[in-house]
Each structure stands twice: as C-alpha cells, then as structure tokens.
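So the chains spell out like this:
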Amino acid sequence: MCAGCGRRAPKGDLARFTPVRDDDELVAVRDDKAVRAGRGIYTCRSRECFDRAVERRGFARGARGKVRVDVTMADELGDERHG
Ligand SMILES: [Zn+2]
C-alpha cells in the first residue's frame with residue numbers, strides 16, 4: 001500500500017524504501033527489489049505520493065520510529081500518475 005495516498009497496488013508497481021541502520025540512526029534507502037532486510041515502506045512512483053508519505057510520517061510509521069529520508073530520492077520517482 002502506498003504510504004502517501006493509501007492506494008493498494010502490487011508491490012512491483014510501487015517504489016519500495018527500506019529503513020537501514022546508519023550508525024545511530026535509520027535511513028530510508030530506495031530498495032525496489034527488496035534486497036535489504038527489513039520492513040519496506042511503499043509509495044507510488046510519483047513525487048506527489050513520496051512527498052505526501054513524508055508529510056504524513058508514513059516513513060516513520062513504516063519504520064516504527066524516527067527515520068531520515070533524503071527527499072532528493074523523489075527526483076528519481078518521476079511523475080507517474082495513478083491509474
Ligand atoms: Zn500513492
């Protein structure tokens with residue numbers, strides 16, 4: 001499910017981010033192929049949904065805690081629309 005808009009979609013249709021430990025903090029990294037261990041956070045492949053997921057604290061919720069999100073990751077998502 002997209003952490004931004006709540007749309008349910010096959011995981012393969014969504015961008016996946018996995019919180020990984022970096023020293024004493026968690027950092028969300030793009031991980032569409034789910035090669036990282038951990039619970040993924042999904043958003044539609046759109047900047048809009050990524051931004052909304054950040055605003056709605058979808059990343060923190062998905063990571064069950066504080067997580068650093070590099071907002072420039074949105075640049076790689078493009079602006080694919082729903083549907
Ligand atoms: Zn979405």
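You'll find the structure just up there.
Residues numbered from 1 in each chain as written. Predicted model: local features only at pLDDT ≥ 70, side-chain atom pairs only at ≥ 80, totals over all residues. Heavy atoms only, no water.

**Student:** Honestly, the coordination of the zinc ion in this entry has me stumped. Any pointers?
**Tutor:** When a metal carries six donors in an octahedron, the ideal angles between them are 90 or 180 degrees, while four donors in a tetrahedron ideally lie at 109.5 degrees. At the metal site, the zinc ion is ligated by C2 (SG), C5 (SG), C44 (SG) and C49 (SG), and these contacts range over 2.2 to 2.4 Å. In this structure, the zinc ion is coordinated by four donor atoms arranged in tetrahedral fashion, with angles at the metal of 105 to 114°. As a motif over one chain, the donors of the zinc ion read C-x2-C-x38-C-x4-C. Here C2 is found in the segment before β1 (15–22), whereas its partner C44 is found in the loop between β3 (41–43) and α1 (47–55), with 42 residues between them in sequence. Here the two residues C2 and C44 agree in accessibility, since each one is buried. (Donors = N, O, S within 2.8 Å, 3.2 Å for Na, K, Ca; no water. Tetrahedral: all angles 85-135°; square planar, octahedral: opposite > 155°, others 65-115°. Helix = DSSP H or I, 4+ residues; strand = E, 2+ residues; numbered from the N terminus. Buried < 20%, exposed > 50% of the residue type's maximum accessible area, 1.4 Å probe, protein only.)

**Student:** It is not clear to me how the packing of aromatic side chains should be interpreted in this structure. Could you clarify?
**Tutor:** Per the stated rule, a full pass over the model turns up three aromatic pairs. With a centroid separation of 5.5 Å and 70° between ring planes, the pair formed by F17 and F59 is classed as edge-to-face. A residue pair is termed long-range when its members are at least 10 positions apart, and F17 in strand β1 and F59 in helix α2 (residues 58–63) qualify at 42 residues. For the pair shown, F17 and F59 are each scored as buried. A centroid spacing of 5.5 Å and a plane angle of 65° characterise the contact between F50 and F59, whose relative ring orientation is edge-to-face. A relative accessible area of 2% means that F59 is categorised as buried. Within the aromatic cluster, the residues linked to one another by ring pairs are F17, F50 and F59. (Phe/Tyr/Trp six-rings, centres within 6.5 Å; stacked < 30°, edge-to-face > 60°.)

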